[in-house]
Amino acid sequence: MATVKVDKSNFKSDVLDADGPVVVDFWAEWCGPCKMIGPSLEEISNELAGKVKITKLNIDENPEIAAQYGVRSIPTLMIFKGGEVADIKVGAAPKTALSSWIGSAA
C-alpha cells in the first residue's frame, strides 16, 4: 500500500478516525530532507501494509493542521493511535531507523 495524501478534507477520516496506527509525514515540496525520506516511507508503507497506514501532509497546503500539532520543523513524523498523537520524530533518518520506529507502532 502506497503512502496516502491527506489534507484538511480527509485528515479526520483518514487519520483521527482510523482503526489502526497512522503515521503522518508533515513535509513540503521545497524540503530536501523530506524528499530524502520519501522513498523509504513508500517502501515501509508497502512492507507494513495492513498494520500501519503512512500518510503525507503538505504543510504549505495545510498550514492550519501543521499549526494545530505544533509542527515547527520538517520533516516531522507523528504516529496517531485512536485519534491521539502517540509518538513524534523530527528530522530525516535512515530507512532502518524509520522502519524500526514505525514498526514499533504496529
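Remember, it's a predicted structure, so these values are computed and weren't measured experimentally. Counting restarts for each chain: residues are numbered from 1 in the order of the written sequence. The predicted nature of this model means local features are confined to residues of pLDDT at least 70 and side-chain atom pairs, given and counted, to a pLDDT of 80 or more, with totals for whole chains, interfaces and linings taken over all residues. Derived side-chain values reflect all non-hydrogen atoms in the structure, with water molecules and hydrogen atoms excluded from consideration.

It is worth spelling out the packing of aromatic side chains at this point. Working definition: a ring pair exists when centres of Phe, Tyr or Trp rings (six-membered ring for Trp) sit within 6.5 Å. Plane angles under 30 degrees give stacked, over 60 give edge-to-face, the rest tilted. Counted under the stated rule, the structure contains three aromatic pairs. Ring centres 5.2 Å apart and planes at 85 degrees place the aromatic pair Tyr 69 and Phe 80 in the edge-to-face group. Within this pair, whereas Tyr 69 is found in the loop between helix H3 (63–68) and strand E4 (76–81), its partner Phe 80 is found in strand E4, the two being separated by eleven residues in sequence. This pair shows no difference in class: Tyr 69 is buried, exactly as Phe 80 is. Grouped by ring-pair contacts, the aromatic residues Phe 11, Tyr 69 and Phe 80 constitute a single cluster. Numbered from the N terminus, helices here are DSSP runs of H or I no shorter than four residues, and strands are runs of E no shorter than two. Using a 1.4 Å probe on the protein chains alone, a residue whose accessible area is under 20% of its type maximum counts as buried, one over 50% counts as exposed, and one in between counts as partly exposed.

Here the focus is the sheet that holds strand E3 (residues 53–58). A pair of strands counts as paired when DSSP detects no fewer than two bridges linking them. Read from one edge of the open sheet, five strands run E1-E3-E2-E4-E5, paired in mixed fashion. For this open sheet the edge positions go to strand E1 (4–5) and strand E5 (84–90), each flanked by a neighbour on one side alone. Looking at chain direction, E4 and E5 are connected through six bridges and run antiparallel. Across the sheet, the residue bridging to Thr 76 is Val 90, located in E5.

Another point: unusual backbone geometry. A cis geometry characterises the amide bond from Ile 74 onward to Pro 75, with omega recorded as 0 degrees. Mapped onto the secondary structure, Pro 75 falls in the loop between H3 and E4.

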